[in-house]
Every structure is written in structure tokens, then in C-alpha cells.
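# Working through the structure, step by step
Letter by letter, the chains look like this.
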Amino acid sequence: MSKIELKHVTFGFDSQATLLFDQADLTIDTQWKLGLIGRNGRGKTTLLNILQGKLPYSGQVLHQLEFLYFPQPLKNKEQLTYYVLQEISDFEQWEIERELNLLKVDPEILWREFTTLSGGEQTKVLLALLFINDQYFPLIDEPTNHLDQAGRRQVAAYLKKKQQGFIVVSHDRSFVDEVVDHILSIEKSQLELYQGNFSVYEEQKQRKDAYEFAQNEKLKKEVSRLKKTAAEKAEWSRSKEQDKYGKASEKGSGAIYDTGFIGARAARTMKRSKAIANRMQAQLSEKEQLLKDIEYIDPLTMNAQASHHQRLITVENLSLGYDQPLFMPISFELKQGERIALNGANGSGKSSIIRFLLGQFAGEHTGECVMPQQLKISYVRQNYEDNRGTLLEFSKEQGLDYQEFLNNLHKLGMERSVFHNRIEQMSMGQRKKVEVAKSLAQPAELYIWDEPLNYLDVFNQEQLEELILSVKPSMLLVEHDQTFLAKIATQVISLTQDQSSI
């Protein structure tokens, strides 16, 4: 039975005031299907990089494995998918076709240029490489990004049937529930290992948090009582010490001061006061160990502005395509205050519609689209690798209110110590937060968001839901999280393909 062992592993980026891992100890059975969870920036991808030996650390990482990481770095995307994959790993054609069939992907996709594949299609062909050879131990980082609901179910079923173990990072709770048998949670102060899926972790975590809140309240009351009692006894002791010189006891005809009795009693009371103070300090020390891993969520702000126009987008019989239509013609109106979601399978043309509305679509189109001129639009992109530099440099380049930008980043869970990092050095979750916080800080009449939840944790998703329901901005968005859409979308436009053209 093979294991991965971490012994006293300590790591932190030079620019961070705090450590991501401090004397971490952990043992992982390589037969486990392990879900790695935690808030953005806690070190999930960093831990995977430490396992691969890509980052310097103190301590020991012991294993006898060869890791294979997803998503793999690509050298040249401007060629047929088969040759893109060949540059990553050696395989026989039948091997990759076998895995693609298991993922419900037509192997003919191998003979299309990689850049023409949808995000979900690219995800699946790269996942297929992980399990061609069982000598590798897969490290799978956010595989559900860009996958529609059907794609997520297909990938979950694919991973569930695999006999070999792996580590997977995902914020999709239902997906993690389906595929893992152990959970490793990176908390604020420690690594916590759980046997079971995400639901088991969530139930145990809620119980632990509830217990710590109850203990905290109990200790607060006890400390308050002890503090009051100690103060009363100390005050009584001081007053009795003064009595040695101010009061007398009558014996016979003369007044005699019983200073020995009064002093001894005052000393005993002062001793009890100090004992109570020591007990109170012990209670305070116990209280300090609580609530360290409780997550606190603050509401976000959004610079949404009212438009002079009642209709922001009018689409009539619109269809887009290259050599053939991507979807059947659609018509819709987006009025001020409405939130329209585009729904459809990967490759159905959702992102193409967004690019068309922004004047960035290079293919063919039929139908009409009318939008007011000079409409203020804020756009969250799927791909934002060009966000670079310090946060101050970035905010100046984007014309943002720097303080508002930083406030939303912090509320989204980014540690203030990370504010000094360059964007290109941040984790993918942190970089996504930069893209979202940028959009929230931009004055806009219309928000166009393309898969905004990718890389964002559950807490961030809830923050965005509450913000949108509160502000009620005008939005057009693409998102595969059906729970999120059910809460915030006022209308859903479904894209369907013309089966006769396929």
C-alpha cells in the first residue's frame, strides 16, 4: 500500500506575512479518491505543486510516485488536438480514443484544431490523458470549470469508475460528493482529514462549528463571572487591609486593633482572588483555541448604475456560426433590471453570443441585435490571464476606485498579505477574484458575466447571490451552476442545435 507523507512541511510565499502551511503533518493513502477543499488562496494548488516538487519548502514530502497534473501546460494550441496531446504525453491512438469514449466524447475531436474546441471539450481531452497509464498519480485541479451539467455528470461517472486513486480540487459540492471517499480540508489554522464525501465533511464541520460557538459563549459568561468575582475579592482584601489602621475591636475599657486577624483574613481573600484570576486566564486560553476555523462572510458592493434606456439588448432571430450554425435562431429582450441566463451544452454558442454583443465575434451571423450606443458594460471573462502587475497598477489601468476594489477583494476572502503579490503570482481562485472585483468596481449599466463562478468557493457563490438579489442589476450571464441560476436569473434562454446540420 503506497502512501504520501508530509512531515513538518512549512511553506509561505516571500511576499506573504503568514505561512500557508506551518509544520504540517499528513498521511494520504494513494488508493483514496481524495477531495481537496478550502477557500481560495488557502493553498490547494500550492499543496499540489509542493507534492510535485515545484516549490521550495521546509520539512519532508515522502512518496514513490510520478504525479500527473491537470490542467497540463500546453506548448502550441494552434494545431490538431491529437498533436497537442502528443506533446504532453506518449500514448497510442487507441488508448486516448478509449478514454474519450468513456468520457462520452466523439474521438473525431482529436482531428480538430485545439483552439476551436469549447472549454468543456478541452477539459475532457486533457482529463483523458490522466488515466491512459496507471503508473501516474493524477492531481486534478478544478476539472468542472467550463463543463456544463451533462459534462459534469459524465466526468463524475468517469472518475467514479476508476480503480486508481487521485486528488481532486473542486468547489462543486455535488461533483465532489459523487467522486471522493475522503476529504482534506485546508482550514484557517490546520489541515483536517475526513473519511467520507463532501456531505460528511459539511455535516461534521457544522457540528464542530456549532460546538465551538456554544463553548465560546459559555466561556465568555464564565470569564465575565470570574472577572467580577476576582475584582470583588481583591477590593474586599484591599479595604480590610486598610481596616488594620482604621477600625478597632472593643476589649474591656480600651480599644484594641486586631491587626493580625484582619491582615490574615485579607491575605487569604487576596490569595483566592489571584487563584480566580489564574483560573480566568486558563479559561481565556481555552477560549483562544476556539473559532479559529470559523468562516466569516461580509456583503459585497456593486457599482451598478441606472440606464436612461429601458431596453438594453434586443435580439431578433439571431444565429451565429462558422461553416454551419452553432444554434437555432433566438430572439429575446433584456430590459433594465432583468437578468438573462444563456443555457446550453458546451460548444452550443453561449460565449459566442457574448463575443458578438461585444463586437468580438469573427464568424458569420444572421438576424439582428440592437444595443444603445455608449452603454456602460462591465465584463467578466472566462480567460483573464492578461491581468498582470500589482493591484495598484491594475486598478489604475482599469480606472477603478482602488479602495472599493481592495474592499471587495478582502470580502471575497483574499488575505491582506496577498495584496502585495503580483496578479500573475496569485492562485487561479485569487486571480478570478481580481476579475470579479474589477467588474464590481466598474460603473456599469449592464453586466455581462461569462462563467463567473469558475474557481470561486461556496462562500463566494453565496455572496454573489445575495449581492445580485439585493442590487438587482441588469445582467446577461453564462453559468452552469443551476442552483445559482435558479436564485438570480429572471429569464433563461436555451440554445438548441439544428440536428439536420450535425
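In this text the structure is predicted, and so the values were computed from the model without any measurement.

## Points about the pairing of strand S18 (residues 475-478)
Covered by surrounding structure in S18 are Met475 and Leu477 together with Leu476 and Val478, the residues of both alternating faces. In this structure, strand S14 (residues 339-343) lies alongside S18, joined through 4 bridges in parallel fashion. Within S18, the residue paired with Ala341 across the bridge is Leu477. Direction of pairing for strand S17 (residues 446-450) relative to S18: parallel, over a ladder of 4 bridges. Along S18, the bridge assignment pairs Ile448 with Leu476.

## A word on the sheet that holds strand S16 (residues 377-380)
Backbone-to-backbone hydrogen bonds join strands into a sheet, with any given pair of strands oriented parallel or antiparallel. Spatially, S16-S17-S18-S14-S19 is the arrangement adopted by the 5 strands of the open sheet, whose pairing is parallel. Edge strands, defined here as strands with exactly one partner in the open sheet, are S16 and strand S19 (491-494). Pairwise comparison of adjacent strand axes, ignoring direction, gives a mean angle of 15° for this sheet.

## A short note on the side chain of Gln442
Of note, Gln442 is situated in the loop between helix H12 (428-441) and S17. The buried category is assigned to Gln442, whose relative accessible area is 15%. Here Ser378 takes part through its side chain, which lies 2.7 Å from a polar atom of the side chain of Gln442. Beyond its immediate sequence surroundings of up to four residues, Gln442 is in contact with Asn303, Ser378, Tyr379, Gln398, Leu400 and Tyr447.

## A few points about helix H3 (residues 93-102)
Within the sequence span of H3, burial applies to Glu95, Ile96, Glu99 and Leu100. Along the axis of H3, the buried residues cluster in a sector spanning 135°; they form a single face. Lys104 occupies a position one or two residues after H3 and carries a positive phi of about 65°.

## Considerations on the packing of helix H11 (residues 402-411) against H12
Packing of H11 against H12 leaves a shortest axis separation of 9 Å and a crossing angle of 135°. Classed by the angle they form, the pair H11 and H12 counts as oblique. By crossing handedness, the relation of H11 to H12 is classed as right-handed. In this structure, H11 contributes Glu404, Phe405, Asn408 and Leu409 to the contact, and H12 contributes Lys433, Val434, Ala437, Lys438, Leu440 and Ala441. Of the residues assigned to the contact of H11 with H12, the class counts are 6 nonpolar, 1 polar and 3 charged.

## Considerations on the environment of Phe484
Positionally, Phe484 belongs in helix H14 (residues 482-488). For the pair Phe484 and Glu465, spaced 19 residues apart in sequence, the C-alpha to C-alpha distance is 6.9 Å. Every residue in contact with Phe484, bar those within four places of it in the chain, is listed here: Leu453, Gln461, Leu464, Glu465, Ile468, Leu477 and Glu479.

## Considering the packing of aromatic side chains
For any pair of aromatic rings, geometry is given as the distance between the ring centres together with the angle between the planes. What the rule picks out here adds up to 12 aromatic pairs. Each ring, one from Tyr83 and one from Trp111, has its centre 6.3 Å from the other, and the planes form 70°; the classification is edge-to-face. Residue Tyr83 is found in helix H2 (residues 81-86), and its partner Trp111 is found in the loop between H3 and helix H4 (119-130); the two are separated by 28 residues along the sequence. The exposure class of Tyr83 is partly exposed, given its relative accessible area of 41%. Among the aromatic residues, those joined into a cluster by ring pairs are Tyr82, Tyr83, Phe91 and Trp111. If you follow Lys54 out to its NZ or CZ, it ends over the ring of Tyr69, 5.5 Å from the centre.

## Let's talk about the environment of Leu453
By the secondary structure assignment, Leu453 is in the loop between S17 and helix H13 (458-471). Using a relative accessible area of 6% as the deciding quantity, one classes Leu453 as buried. Residues Leu453 and Gly429, spaced 24 residues apart in sequence, show a C-alpha to C-alpha distance of 9.8 Å. Excluding its chain neighbours within four sequence positions, the residues that come into contact with Leu453 are Lys432, Gln461, Leu464, Glu479, Asp481 and Phe484.

## Points about the pattern of salt bridges
Should their charged atoms come close, side chains of opposite charge can pair. Taken as a whole and assessed by the stated rule, the structure comprises 12 salt bridges. A network of salt bridges, in which partner residues are shared, links Arg381, Asp386, Glu435 and Lys438.

## Quick notes on unusual backbone geometry
The omega torsion across Phe70 and Pro71 is 5°, close enough to zero to call that bond cis. As for its placement among the helices and strands, Pro71 is situated in the loop between strand S5 (66-70) and H2. One non-glycine residue, Gln23, lies in positive phi territory at about 55°. Take Gln23: it is sitting in strand S2 (residues 21-29). Residue classification places Gln23 among the partly exposed residues on the basis of a relative accessible area of 45%.

## Points about the nonpolar core
Counting 40 residues, the largest nonpolar core has Leu85, Ile96, Leu100, Val125, Ile140 and Leu159 as the members making the most contacts within it. With 6 residues, the top contributor of residues to this core is H4. Excluding residues that lie within four positions of it along the chain, Leu85 makes contacts with Phe91, Ile96, Leu110, Val125, Leu126 and Leu129. Counting 35 residues, the second-largest nonpolar core is a separate cluster that includes Ala341, Phe419, Val436 and Leu467.

About the thresholds
Residues numbered from 1 in each chain as written. Predicted model: local features only at pLDDT ≥ 70, side-chain atom pairs only at ≥ 80, totals over all residues. Heavy atoms only, no water. Buried < 20%, exposed > 50% of the residue type's maximum accessible area, 1.4 Å probe, protein only. Helix = DSSP H or I, 4+ residues; strand = E, 2+ residues; numbered from the N terminus. Pairing = 2+ DSSP bridges. Axes fitted to C-alpha atoms, helices over the stretch in contact; angles between N-to-C directions. Polar contact = N/O pair within 3.5 Å; in protein donor to acceptor, adjacent residues only side chain to side chain. Contact = heavy atoms within 4.5 Å. Arc of directions from axis to C-beta. Parallel < 35°, antiparallel > 145°, perpendicular 65-115°, else oblique. Left-handed = near helix turned anticlockwise from the far one by under 90°. Nonpolar A, V, L, I, M, F, W, Y, C, P; charged D, E, K, R; others polar. Phe/Tyr/Trp six-rings, centres within 6.5 Å; stacked < 30°, edge-to-face > 60°. Lys NZ or Arg CZ within 6 Å of the ring centre and 35° of its normal. Salt bridge = Lys/Arg side-chain N within 4 Å of Asp/Glu carboxyl O. Core = buried A, V, L, I, M, F, W, Y, C linked by side-chain atoms within 4.5 Å.

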